[in-house]
Amino acid sequence: MKKFILPLMLLLLAAGFLFAVESDPSAVVGYVKYDCLAGNNMIALPMQTDFAFASETGDAIGATSVGFWDAAIQAWTFIDKLPWGVWTAEFPVTSGDPLWISVDADLDFYSIGDLPATMPSYDLVAGNNTIMLPLNKSELSLASIAGDDIGASSVGFWDSSIQAWTFIDKLPWGVWTEEFDTAIGAPLWISTDNAGTWPSRARSNNGNVKSNIGAKK
């Protein structure tokens, strides 16, 4: 039976993501935890996932609805679980995907698995996008820092406690209107003025990972 490794550097993150552990990336098997409330929530799949489709993710969580932001059409696409257990449609999922889910009761969702061989990279459009902060981006601990790194004009998170998005905006002279904490694995809504790729694929790797995950060996 595998044991949890809880070193002295263990940190509890206020955003609801558990356990910062620094170790050899090749040895990391762990999880990122998302605290979900009854209603709508944003989660992500930071670890190497066994889910191939949204319905599998929804069934594992016990969700009634699963959706993703389609940046190409600037709209959410959802599938719903019917009372007899059939999903209304389907879409594929992969590691790094941010997802919108609806649940009937409070629950914890764990993205469990190996550290991905390649960290996610996002093709951003001019407009609104959803991303997840990759596991090798622990330095992006504030929304403004993440926004500056991405080149965003707005950064937001879904606040399940009030069932609404909370945003900060970058003013023309470079100052952000407000601030909130972020953490690796966090799903974020961002607005950008220009299309691009973030992080650039040349820099998207597992080097220098300081993983905010619960590690198992």
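Right, let's walk through the structure included here. From a predicted model like this one, the values you see are computed outputs, not experimental measurements. (Residues numbered from 1 in each chain as written. Predicted model: local features only at pLDDT ≥ 70, side-chain atom pairs only at ≥ 80, totals over all residues. Heavy atoms only, no water.)

1. Brief notes about the sheet that holds strand S8 (residues 127–132)
(1) Moving on: The four strands are arranged S8-S11-S9-S10 in an open sheet whose pairing can be described as antiparallel. Two strands close off the open sheet at either side, each with one partner strand: S8 and strand S10 (164–169). On average, each strand axis in the sheet is tilted by 25° relative to the strand beside it, whichever way the strands run.
(2) Moving on: Taken together, the three bridges between strand S9 (residues 154–159) and strand S11 (residues 187–192) define a ladder with antiparallel strand orientation. For Val 155, the partnering residue across the bridge sits in S11 and is Ile 190. (Pairing = 2+ DSSP bridges. Helix = DSSP H or I, 4+ residues; strand = E, 2+ residues; numbered from the N terminus. Axes fitted to C-alpha atoms, helices over the stretch in contact; angles between N-to-C directions.)

2. Some words on helix H2 (residues 143–150)
(1) Moving on: Within the span of H2, buried status applies to Ala 143, Ser 144, Ala 146, Gly 147 and Ile 150. Buried residues along H2 cover an arc of 160° about the axis, so they all sit on one side.
(2) Moving on: Immediately downstream of H2, the backbone of Gly 151 shows phi near 85°, a positive value. (Buried < 20%, exposed > 50% of the residue type's maximum accessible area, 1.4 Å probe, protein only. Arc of directions from axis to C-beta.)

3. A short note on the sheet that holds strand S2 (residues 39–44)
(1) Moving on: Ordered in space as S2-S5-S3-S4, the four strands form an open sheet in which the pairing is antiparallel. Taken across any chain shown, the strands that pair with only one partner, and hence form the sheet edges, are S2 and strand S4 (75–80). Within the sheet, the average angular offset between the axes of one strand and its neighbour, ignoring direction, is 25°.
(2) Moving on: Contacts from helix H1 (residues 54–61) reach S2, strand S3 (65–70), S4 and strand S5 (98–103), with the element oriented near 45° to S5. (Contact = heavy atoms within 4.5 Å.)

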